[in-house]
Amino acid sequence: MPPEASAVPAGAPPARRPAGEAEVATPPRLVKCVVWDIDNTLLDGVYLESAAAPPPANQAMAATLADLGSRGILHAIASKNPQQAAEHAAKVTGAQFAAVECGWGAKSDALARIAADLSIGTDALAFVDDDPYERAEVGAALPEVLVLAPEEVAEAAGWPEFGAAAVTDEARRRGEMYAARRHRQAAARAFGGSREEFLASAGTQVTIAATSQQDVPRLHELSARTRQFNSAGQAAGEAEFAAWIAAPDHEVVTVRLRDAFGDDGIVGACVTSHGDDGTWTVRLLAMSCRAMGRGVIDGLLAWLIRSAARAGAQGVAVPCVLNERNVPLRVALAGTGPGPDATAASAVFRRSTGTALPELPSWLRAPDAPIADELRQMLARITGRGELAGLPADAPLFGEGVSLDSLTGTLLLREVQRRFGVDVAGTDLNLDALATLGTLASFIAEQGGP
């Protein structure tokens, strides 16, 4: 709609952030999706008023689409236009839109549907529209949405709400992942069996593995972006993850997800500390919303409880901050055992290992903790260095600290084959590829080692 078509209602909220907001200590909520108008925003003109040929793309907006998309921010369309206008906008801008709402209803309703479709909160949306009335309507109905005029977008792209310029592989492929998600949802609706049967038929693979330092940027990004499945209720910095990985009394694992529709990469992280009181305590559990409904959170919790039982722990405790966004996580945790010990600000979900243990889904692959423990004992015995019995999972086998040579490496491979029946040397991989204790343990577990 042209900007002169309507006026701003009295008392409408400002499009820009209030002065001084940047000085507030609370970190801004990250924008996960920008919802765009079409007329005089994505396009240089009004689609329905262009009889001869549809208007071209606004080049400044197209450049911003590409920039934000490269950071892993999704794009969507909410426009009072026919569907063909969105198809034209996608073609001329070269952008991929994760959701499209074309129609003549309220823009705020369209944004709410987009958020629900993408399984994100409306507070993770930004909205760009040239019409001051539409901006005011969205601002009044959804005050948590970051509302912008087109001329504000270039400056806003540098705001903290739009994250850092450094991106992970998962961020670069986020638009592709949401396209795969749409195909998966359509296939699930057409499938006649249960959810578990569909997940199996789709070739679902959930892989839990020891974390390396290379995973730290993605783990930080995950903890910063996820809200519905974040037990701590806040982001953990890269330095914090690095310290957890290096700590001998902590275990940090990643959760990867893929199926026939696409590879979602790392969708989850779990940090546990193993205390002297016989309890495994989860310091952070974070999971991407893309994993919702795909058996990932249940599989991770089942693996965690079974791993604690194998290690002789008496139980697992998951402290969880209480806020309005992480209800889905708390529902999942409540399904693992008795109700939580709760205060006004937090709850601790507990599960004893003395009761019947949960079954692991057939599509989950996970490291076996006893394998890593046995590898530590092998290394200590082969090298004659007792301190290697406490080796962190991410310690390089050939790097400083362990420094395996060809002889000790060969002896280790021989011990692995004798004990686990896995011939590492007979595969295309070697210890250079399986560079850490954790990745070697994961490989042995995947090959069927006991």
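Relevant structure appears above.
Keep in mind that what you see is a predicted model, and the values were worked out from it rather than measured.

Engineer: What is the right way to read the overall build of the chain from this model?
Structural biologist: Looking only at helices and strands, the chain has 16 helices and 13 strands in total. A buried classification covers 49% of the 450 residues belonging to the chain. The contacts in the chain between residues at least 6 apart in sequence include a share of 68% that link residues at least 24 apart. Accessible surface computed for the chain: about 20000 Å², of which carbon and sulfur atoms make up 53%.

Engineer: Please clarify how the side chain of Ser288 should be interpreted in this entry.
Structural biologist: Structurally, the position occupied by Ser288 is in the loop between strand 9 (279–287) and helix 12 (296–310). Take Ser288: its relative accessible area is 6%, and that puts it in the buried class. Polar side-chain contacts of Ser288 include one of 3.1 Å to the backbone nitrogen of Arg290.

Engineer: What should I look at first to understand the packing of aromatic side chains in this one?
Structural biologist: What characterises a pair of aromatic rings is the spacing of the ring centres plus the angle enclosed by the ring planes. Scanning all chains against the criterion turns up three aromatic pairs. Here the aromatic rings of Phe241 and Trp244 are separated by 5.4 Å at their centres, their planes lie at 85°, and the arrangement is edge-to-face. Highlighted residues: Phe241 and Trp244, both in helix 11 (residues 238–246), separated by three residues, approximately one helical turn. Judged by relative accessible area, which is 0%, Phe241 ranks as buried. Exposure remark for Trp244: the relative accessible area of 14% places this residue in the buried category.

Engineer: I tried to follow the sheet that holds strand 3 (residues 99–102) on my own but got confused; where do I start?
Structural biologist: Neighbouring strands of a sheet are bound in pairs by backbone hydrogen bonds; such pairs are parallel or else antiparallel. Taken in spatial order, the five strands make up an open sheet running 3-2-1-4-5, and their pairing is parallel. Because the sheet does not close on itself, it has two edges, and the strands there are strand 3 and strand 5 (146–148). Averaged over all pairs of adjacent strands, the angle between strand axes in this sheet comes to 20°, irrespective of strand direction. In the sheet, strand 1 (residues 33–36) pairs with strand 4 (residues 125–128) via four bridges, with the strands oriented parallel. Along strand 4, the bridge assignment pairs Cys33 with Leu125. Here helix 3 (residues 83–93) sits on the sheet and contacts strand 2 (74–79) and strand 3; the angle it forms with strand 3, its principal contact strand, is near 140°. Where helix 5 (residues 132–141) meets the sheet, its contacts fall on strand 4 and strand 5, and the angle it forms with strand 5 comes to roughly 170°.

Engineer: So what exactly am I meant to see when it comes to the nonpolar core here?
Structural biologist: Within soluble globular proteins, side chains that are nonpolar tend to cluster in buried spots. In terms of nonpolar packing, the biggest core is built from 33 residues, with Met287, Val296, Ile297, Leu300 and Val316 touching the most fellow members. The set of elements that each furnish at least two residues to this core consists of strand 6 (205–210), strand 7 (250–259), strand 8 (262–274), strand 9, helix 12, strand 10 (315–321), helix 13 (327–334) and strand 12 (346–352). Looking at this core element by element, the count peaks at eight residues for helix 12. Dropping the residues within four chain positions of it, Val316 is found in contact with Thr279, Trp280, Val282, Leu304, Ile305, Ala308, Phe349, Arg350 and Arg351. Residues Trp36, Leu65, Ile77 and Phe162 belong to the second largest nonpolar core, which totals 26 residues.

Cut-offs used in this document
Residues numbered from 1 in each chain as written. Predicted model: local features only at pLDDT ≥ 70, side-chain atom pairs only at ≥ 80, totals over all residues. Heavy atoms only, no water. Helix = DSSP H or I, 4+ residues; strand = E, 2+ residues; numbered from the N terminus. Buried < 20%, exposed > 50% of the residue type's maximum accessible area, 1.4 Å probe, protein only. Contact = heavy atoms within 4.5 Å. Areas by Shrake-Rupley, 256 points an atom, 1.4 Å probe, with all protein chains shown as cover. Polar contact = N/O pair within 3.5 Å; in protein donor to acceptor, adjacent residues only side chain to side chain. Phe/Tyr/Trp six-rings, centres within 6.5 Å; stacked < 30°, edge-to-face > 60°. Pairing = 2+ DSSP bridges. Axes fitted to C-alpha atoms, helices over the stretch in contact; angles between N-to-C directions. Core = buried A, V, L, I, M, F, W, Y, C linked by side-chain atoms within 4.5 Å.

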